[in-house]
Amino acid sequence: MPTYRAPVKDMTFILNELLKLDSFNDLPGFEEATPDLVAAVLEEGAKFCENELQPINASGDHEGCTRHDDGSVSAPKGFKAAYDTYVEGGWQGLTQSPEFGGQGLPHVVGFAFEEMMISSNMAFAMYPGLTAGAIAALSAVASDEIKQKYLPKMIAGEWTGTMNLTEPHCGTDLGMIRTKAVPQDDGSYTLSGTKIFISAGEHDLSENIIHLVLAKTPDAPDTVKGISLFVVPKFIVGEDGSVGDRNGVSCGSIEEKMGIHGNSTCVLNYDGATGWLLGEKNKGLAAMFIMMNAARLGVGLQGLGLSEVAYQNAADYARDRIQGRALTGAKNPDDKADPIIVHPDVRRMLMDARAFNEGARALALWGGLQVDLAHKAKTEEERQLADDIVSLLTPVIKGVFTDQGYANATNAQQVLGGHGYIREWGMEQFVRDARIAMIYEGTNGIQALDLVGRKLGLNGGRAVQTYFKIVGGFLKDNGDGDMAEFTQPLSKALKDLQSATMWLMQNGMKNPDHAGAAATAYMHLMGLVALGFMWAQMAKISLEALDAGTGDAEFYQNKLITGRYFMARILPESGTHLAKIEAGADMVMALAADAF
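About the criteria used
- Residues numbered from 1 in each chain as written.
- Predicted model: local features only at pLDDT ≥ 70, side-chain atom pairs only at ≥ 80, totals over all residues.
- Heavy atoms only, no water.
- Helix = DSSP H or I, 4+ residues; strand = E, 2+ residues; numbered from the N terminus.
- Buried < 20%, exposed > 50% of the residue type's maximum accessible area, 1.4 Å probe, protein only.
- Salt bridge = Lys/Arg side-chain N within 4 Å of Asp/Glu carboxyl O.
- Core = buried A, V, L, I, M, F, W, Y, C linked by side-chain atoms within 4.5 Å.
- Contact = heavy atoms within 4.5 Å.
- Axes fitted to C-alpha atoms, helices over the stretch in contact; angles between N-to-C directions.
- Left-handed = near helix turned anticlockwise from the far one by under 90°.
- Nonpolar A, V, L, I, M, F, W, Y, C, P; charged D, E, K, R; others polar.
- Parallel < 35°, antiparallel > 145°, perpendicular 65-115°, else oblique.

Asker: What exactly am I supposed to notice about unusual backbone geometry here?
Answerer: When glycine is set aside, most residues are seen to have a negative phi, and most peptide bonds are trans. Here Glu-441, not a glycine, exhibits a phi torsion of approximately 60 degrees, which is positive. Within the secondary structure, Glu-441 is located in the loop between helix H10 (427–436) and helix H11 (444–455). You can call Glu-441 buried: its relative accessible area is 16%. Of note in this structure, Asn-459 is not a glycine but carries a positive phi near 55 degrees.

Written out as structure tokens, the structure is:
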């Protein structure tokens with residue numbers, strides 16, 4: 001059976017030494033986030049994930065969710081008890097506003113805990129994850145009355161939330177949605193239509209489920225400019241906040257899917273359901289993007305979380321599995337064979353995953369800090385800078401993390417050989433669960449197009465030029481001595497990224513297909529630079545700590561070994577991505593459609 005150990009030490013290293021979280025203690029929410037408090041939160045989070053969530057991950061996958069004749073759904077055995085423990089611990093409100101009962105800690109701390117939940121039980125983590133996204137949208141666009149009605153219960157975890165976008169005939173092209181919302185005399189709306197792929201759409205974990213639904217009013221334009229956002233509770237909420245009659249929304253079926261079986265992915269039928277408009281009429285897409293952007297960062301964490309747990313189990317197996325002899329001679333002469341961790345190709349797969357995991361964790365938490373600073377930094381200039389950075393990197397974190405997370409999960413499965421293909425070892429579940437993260441919340445191809453088509457040119461390219469200056473400034477200040485083995489490869493990769501950006505500026509406007517054909521390679525090229533930048537910073541910290549003789553020397557030495565691997569074996573892929581980008585679209589588009 002698989003196991004999981006939360007990487008608390010690595011998380012605290014990033015939060016305390018890389019991000020220097022205590023240097024922001026004069027900002028709202030950060031004043032309570034002392035190193036001792038954050039360490040205590042992470043330790044308690046680790047206990048919850050390791051002891052409550054991980055033991056029901058495989059069983060939840062085997063059992064799945066059950067739809068009953070009345071349209072209700074039961075989560076797998078143990079999920080309800082675990083969710084009750086989650087609520088009792090106040091975990092849903094960890095980073096939420098104290099105004100509505102939250103604890104108000106920085107989002108970056110919440111990101112660390114979220115990674116733990118995903119690694120230990122991704123299907124379970126999706127229930128509170130969707131709720132957090134719904135809370136974000138309600139907090140941004142709902143009226144004070146609606147906020148007071150829904151947010152306290154959702155932040156307490158007593159009610160959960162969903163997002164309802166996709167319909168049977170449309171996914172990314174939301175302008176095609178058909179769900180209708182007809183205004184009523186009392187100010188409410190009556191919603192009718194069908195939504196599919198609704199994660200956590202119906203279940204028995206919480207007292208109520210608050211659906212956020214995209215729909216069109218009868219007089220709305222039949223385009224994306226005619227979409228509105230509505231709040232539609234499973235049970236009508238009374239004026240006193242009590243749960244009343246069942247609303248006209250029901251689960252028609254549970255999707256038969258490849259993975260995340262412990263999460264109830266539903267077809268939801270809206271049959272005259274009562275809902276209320278959120279924000280402005282016909283402005284629903286902008287409101288939903290608030291939720292989707294938060295969700296995309298969370299999905300990026302899913303790629304990291306599954307890569308981490310798959311790596312841990314593959315490394316454990318490689319140390320124990322006896323098979324063959326080392327190429328350089330027996331390492332275990334008293335036995336008939338050596339453990340497979342002596343083989344360079346096994347090491348390659350493990351090191352690829354480890355180097356990604358530690359770099360991605362640093363990038364994810366740095367991104368989480370930018371989310372905080374975008375709202376809480378002292379000056380408008382600082383807030384704008386942070387918002388630019390997180391906007392630029394959101395498609396990178398979602399797309400690159402989930403592509404690489406899936407690749408690492410399959411490589412971890414490969415380490416186990418035939419046992420990796422057998423259910424009892426748990427590795428095949430990690431592969432199946434990781435696959436969906438590349439698809440939902442906007443497929444990774446859409447993330448790449450968002451990066452190239454929208455984010456690069458936004459505000460005259462302000463965000464990407466700012467990012468180039470940040471990375472370039474670090475390289476200028478740290479290019480000598482022991483840091484050269486980290487800064488020189490990063491400098492080369494940054495130049496590749498800058499060349500690719502210039503190529504797109506010169507060719508993408510002339511022929512948009514050039515931008516489309518280059519998008520995925522460009523996203524991964526930016527991901528390599530972003531991860532390399534994190535590794536260079538962690539190397540600097542580790543070198544300084546070893547020189548000073550402070551802290552855990554073995555930890556810092558292992559950081560440097562892993563960082564050197566990334567710089568030598570992974571970062572050089574930037575040149576390959578640049579070559580693909582500069583090849584243009586002609587060969588991609590040359591074959592006639594009917595020849596495929």
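Anyway, onward from the coordinates.
Asker: Just checking my understanding: could you explain the pattern of salt bridges for this structure?
Answerer: Opposite charge on two side chains permits pairing when their charged atoms draw close. Applying the stated criterion across every chain yields a total of 29 salt bridges. As a salt-bridge pair, Glu-358 and Arg-354 come within 3.1 Å of each other at their nearest N and O atoms. Highlighted residues: Glu-358 and Arg-354, both in helix H8 (residues 344–376), separated by four residues, approximately one helical turn. On the accessibility criterion, Arg-354 (24% relative accessible area) is partly exposed. Asp-450 is the salt-bridge partner of Lys-455, the closest N and O atoms lying 3.0 Å from each other. Here Lys-455 matches Asp-450 in class, with each residue buried.

Asker: Mind showing me how you'd approach the nonpolar core here?
Answerer: Proteins that are soluble and globular tend to have nonpolar side chains buried together. Core analysis: the biggest nonpolar cluster contains 197 residues, and Val-415, Tyr-467, Tyr-522 and Met-526 have the highest contact counts within it. Once residues lying within four places of it in the same chain are set aside, the contact partners of Tyr-522 are Leu-451, Val-452, Leu-456, Val-464, Leu-497, Ala-500, Thr-501, Leu-504 and Ile-581.

Asker: Hey, could you run me through H10 in this one?
Answerer: Counting along an α-helix, one turn takes 3.6 residues, and residues three or four places apart therefore face a common direction. Buried residues dominate H10, accounting for eight of its ten residues. Every buried residue of H10 is accounted for by Met-427, Glu-428, Gln-429, Phe-430, Val-431, Arg-432, Asp-433 and Ala-434. If you follow the buried residues of H10, they end up packed against helix H3 (57–63), helix H5 (107–141), helix H7 (284–320) and helix H9 (380–415).

Asker: Quick question: what am I supposed to make of the packing of helix H12 (residues 462–477) against helix H14 (residues 512–548) here?
Answerer: Angle between the axes and distance between the axes: these two values describe a pair of packed helices. Where H12 contacts H14, the two axes come as close as 11 Å, and the packing angle between them is 35 degrees. The element H12 and its partner H14 pack so that their crossing is left-handed. Of H14, the residues touching H12 (which contributes Val-464, Tyr-467, Ile-470, Val-471 and Phe-474) are Tyr-522, Met-526, Val-529, Ala-530, Phe-533, Ala-536, Gln-537 and Lys-540. Its residues placed into classes, the contact of H12 with H14 shows eleven nonpolar, one polar and one charged.

Asker: How should the packing of H9 against H12 be read in this particular structure?
Answerer: Where H9 contacts H12, the axes come no closer than 9 Å and their chain directions differ by 100 degrees. As summarised for this structure, H9 and H12 are arranged roughly perpendicular, according to the angle between their axes. Here Gln-384, Leu-385, Asp-388, Ile-389, Leu-392 and Leu-393 of H9 lie close against H12, whose contacting residues are Arg-462, Ala-463, Val-464, Thr-466, Tyr-467 and Ile-470. Among the residues forming the contact of H9 with H12, the class breakdown is eight nonpolar, two polar and two charged.

These figures capture arrangement, not role.
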